[in-house]
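# Fold and contact review
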Amino acid sequence: MTTDLQPRRRTSAAPPWWFTLPALLLFAFVVLVPSARGVYYAFTDWDGLDPDFAFIGLDNFTAMADDPDALQAIWHTLLIAVAITVLQNGLGLLLALGVNTAIKSRNLLRVLLFAPAVVTPIVTAYLWRNLLGPDGAVNSLLGVFGVEGRNWLGDPDLALWMIVLVVVWQFAGYSMVIFVAGLQSIPKEIYEAAAIDGSGPVRRFWSIVRPLLAPAVTINLMLSIIGGIKLFDQVYALTGGGPGHATDTISTLIYKDAFTLGEFGYSIALAVVLTAIVAVISAGQYTVLNRNEKAAS
Amino acid sequence: MNRYTTKTFALEMLMIAVAIVFAFPVYVLVNLAFRAPSDTSSPIALTQSPTLANFTDAWREGGLGGALINSVLVTAVSVLIVLTVSSLAAYPLARSTAHWSRGTFLLIMLGLILPFQLAALPLYQTIRDLGLLGSVWSLVLFYAGLQVPFTTFLYVGFLRALPRDFEEAATIDGCGPLTAFRYVILPMLKPITVTALVLNTVSVWNDFFTPLLYLSGSDQQTMPVAVAGFVGQFVSDWNLIFAALLISIVPVLAVYLSLQRSIINGFAGGLKG
């Protein structure tokens, strides 16, 4: 089939480039151009309204380095993102291993455990704000077991972890479903052969499941860490960044600085830092996980 | 592995216990939403004389009806647009091996990592200058563009795994590229379209940050913004708030439960791509 007819037929079948135009225009108008403009505003003192604003170089960024609220927010953002990633995927994997067995309720459990992931985050966050309140259901439940209740969201040492708890509760089922999809792509024969050869469940998990689950791990880690870094709704609804600034993240600070303080330029500079963090982590993750996936296959 | 042993039974009980712990917040939500404000017993005690009054009050005072219509409108129109333009764009991006194609694909994929906070603030200014602030159409425009990268990513992955035979046959038979796309490609894309439809619907419907910026202060609201406003207005009247929360999640849960099979299978498809 190496006639000279084939390449010509290929090119005639190739769809024209202008098919990408509508998507590209929309994407450019909504994401690309505003993001580029955002990077420019990060070097200005714009207040969001005044057409006269000045280019101030790196001032916003040096101001950030001296701003304890900003530094704290960056720290909180990283802490929340890492905690969510570890706990959500750890729990998601355990749930996936649980429902991917011969238990009778496995389909029902999958549907139930995934359900919170489709509900509006701001709504689940308000629900939990009440549950974790001083007279809320969590304290009532603890009271039944004779444990003294606490002011979960009002305590600066606890509030951040409560945000993590709510996100993990909502999205562990999401990780679970992706892990289940990964587990089901592992051929049963390999697993059974290993069992016949006398390897125990731990050995089988480590030597068979873990490497073959690599694509699911990649997707899950990417989704949860990027989601964690961008987190806004849950913080807004649960604590509003408080008490004090104990739970402020980069996202809530961006919102406050832009819309309550009118510091648009500074706020956009924070968004640029957020972008840089996402980019560095995504790139690092891509390199490491891609290598692992290749090594596993 | 397929025998139901005592161990399997123990695991079953454990998993059901875990599911009960997960469902506990939902129990409290439903329990309190049906409870009269005068009933001050423990939030975990089963409500003794349930009432529907919270629901009628929340519906009347929260403007939830209007918000529901806006949310349905914004979600339906923007998801329709994004599915159309993304599937169309994915076709040459998946098929062409030219340099422009690879470059364009990478450019669009850049959108997967750019945080929306970066674009949303400068776009706020453009939306204001266009006079669209406070209009739900600003949201349609925003989501149509914002969801392009993820949706195109799904379509390109799916298309790359599809054989070219059918479209080549169609081209030889004299189909133009648009006709080939409409009658040959689009029908083959159906499984991934369902996945993309559901995932886009969930993220557009649930978004809070953007409508908070673009619609605040106007009488146009989407469901998440209306709920947030409602919580602010009825600060400590949690029975009423819970009724509003419950009303707001019913449409999402209804869509989820009717499509859950294809949603969960869609993930499996996405993994192979």
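Residues numbered from 1 in each chain as written. Chains lettered and ligands numbered in written order. Predicted model: local features only at pLDDT ≥ 70, side-chain atom pairs only at ≥ 80, totals over all residues. Heavy atoms only, no water.

Per an unreviewed UniProt entry, chain B goes by the name Carbohydrate ABC transporter permease and belongs to Actinoplanes sichuanensis. Among the UniProt annotations of chain B, the heading Sequence similarities (unreviewed entry) holds the following wording: "Belongs to the binding-protein-dependent transport system permease family." In its Subcellular location (unreviewed entry) section, UniProt records this for chain B: "Cell membrane". (UniProt positions renumbered as here; feature names shortened; annotations may be inferred.)

Identification of chain A as Carbohydrate ABC transporter permease from Actinoplanes sichuanensis is taken from an unreviewed UniProt entry. Quoted verbatim from the Sequence similarities (unreviewed entry) field of UniProt, the annotation for chain A is "Belongs to the binding-protein-dependent transport system permease family."

From N to C terminus, chain B includes 13 helices and zero strands. When its helices and strands are written in sequence order, chain B yields α-α-α-α-α-α-α-α-α-α-α-α-α. A compact globule built from 273 residues should have a C-alpha radius of gyration of about 19 Å, whereas chain B, at 23 Å, is more than 25% larger. Expressed as lengths along the three principal axes of its C-alpha atoms, the size of chain B is roughly 75 × 65 × 30 Å. Looking at the 273 residues of chain B, the share that counts as buried comes to 52%. Considering only contacts within chain B whose residues lie at least 6 apart along the sequence, 71% involve residues at least 24 apart. Accessible area of chain B: about 12300 Å², with a carbon and sulfur share of 67%. Charge-centre separation for chain B: the mean point of 13 positive side chains lies 13 Å from the mean point of 12 negative side chains. (Helix = DSSP H or I, 4+ residues; strand = E, 2+ residues; numbered from the N terminus. Rg over C-alpha atoms; globule rule 2.2 N^0.38 Å. Buried < 20%, exposed > 50% of the residue type's maximum accessible area, 1.4 Å probe, protein only. Contact = heavy atoms within 4.5 Å. Areas by Shrake-Rupley, 256 points an atom, 1.4 Å probe, with all protein chains shown as cover. Lys, Arg positive; Asp, Glu negative; His and termini not counted. Charge placed at Lys NZ, Arg CZ, Asp CG, Glu CD.)

When two helices pack together, their arrangement is given by the angle between the helix axes and the distance between those axes. Residue and element names in this part refer to chain A. At a closest axis distance of 8 Å, the pairing of helix α4 (residues 68-99) and helix α11 (residues 214-230) adopts a crossing angle of 145°. The handedness of the crossing between α4 and α11 is right-handed. Taking contact as the criterion, the partners of T77, I80, A81, I84, T85, Q88 and N89 in α4 are, on α11, N220, L221, S224, I225, G228 and I229. (Axes fitted to C-alpha atoms, helices over the stretch in contact; angles between N-to-C directions. Left-handed = near helix turned anticlockwise from the far one by under 90°.)

So, on to the UniProt feature "domain: ABC transmembrane type-1" (unreviewed entry) in chain B. In the UniProt entry, the feature "domain: ABC transmembrane type-1" (unreviewed entry) is given for residues 68-259 of chain B. The distance from the first to the last C-alpha atom of residues 68-259 of chain B is 20 Å, and the span holds 81% helix and 0% strand.

With that settled, consider the packing of aromatic side chains. In this structure the tally under the stated criterion is 33 aromatic pairs over all chains. On the basis of an interplanar angle of 70° and a centroid distance of 5.7 Å, the ring pair of B:F142 and B:Y143 is categorised as edge-to-face. Note on accessibility: B:F142 and B:Y143 belong to one class, buried. Positioned above the aromatic ring of A:W206 is the side chain of A:R210, whose terminal nitrogen or guanidinium carbon lies 4.1 Å from the ring centre. (Phe/Tyr/Trp six-rings, centres within 6.5 Å; stacked < 30°, edge-to-face > 60°. Lys NZ or Arg CZ within 6 Å of the ring centre and 35° of its normal.)

Let's shift gears to the nonpolar core. B:Y214, B:F242 and B:L245 are the most contacted members of the largest nonpolar core, which has 176 residues in total. No other element matches the 17 residues that helix α8 (residues 156-184) of chain A contributes to this core. With sequence-adjacent residues up to four places away left out, B:L245 is seen in contact with A:V123, A:Y126, A:L127, B:L29 and B:V227. (Core = buried A, V, L, I, M, F, W, Y, C linked by side-chain atoms within 4.5 Å.)

The next thing to look at is the UniProt feature "transmembrane region" (unreviewed entry) in chain A. Residue and element names in this part refer to chain A. The feature "transmembrane region" (unreviewed entry), as given by UniProt, occupies residues 21-43, 73-96, 108-128, 158-181, 212-232 and 264-289 in the numbering adopted here. From the first C-alpha to the last, residues 21-43 spans 31 Å; its make-up is 91% helix and 0% strand. Overall, residues 212-232 shows 86% helix and 0% strand. The separation of its end C-alpha atoms is 34 Å.

Looking along the chain, the bond that leaves A:G242 and enters A:P243 is cis, with omega of -5°. Relative to the helices and strands, A:P243 resides in the loop between α12 (233-238) and α13 (250-259).

Attention now goes to the pattern of salt bridges. It is possible for side chains of opposite charge to pair when their charged atoms get near one another. Residue and element names in this part refer to chain B. This structure, assessed with the given rule, holds six salt bridges over all chains. The salt bridge partner of D57 is R60, with a shortest N-O separation of 3.3 Å. Pair noted here: D57 and R60 are both in helix α2 (residues 53-61), with a separation of three residues, about one helical turn. The partner of E167 in a salt bridge is R95, and the shortest N-O contact between them spans 2.8 Å. Here E167, found in helix α8 (residues 165-172), pairs with R95, found in helix α3 (residues 64-95); they are 72 residues apart in sequence, far enough to count as distant. Both residues of the pair, E167 and R95, count as buried. Within this structure, D57, R60 and E61 form a network of salt bridges that share partners. (Salt bridge = Lys/Arg side-chain N within 4 Å of Asp/Glu carboxyl O.)

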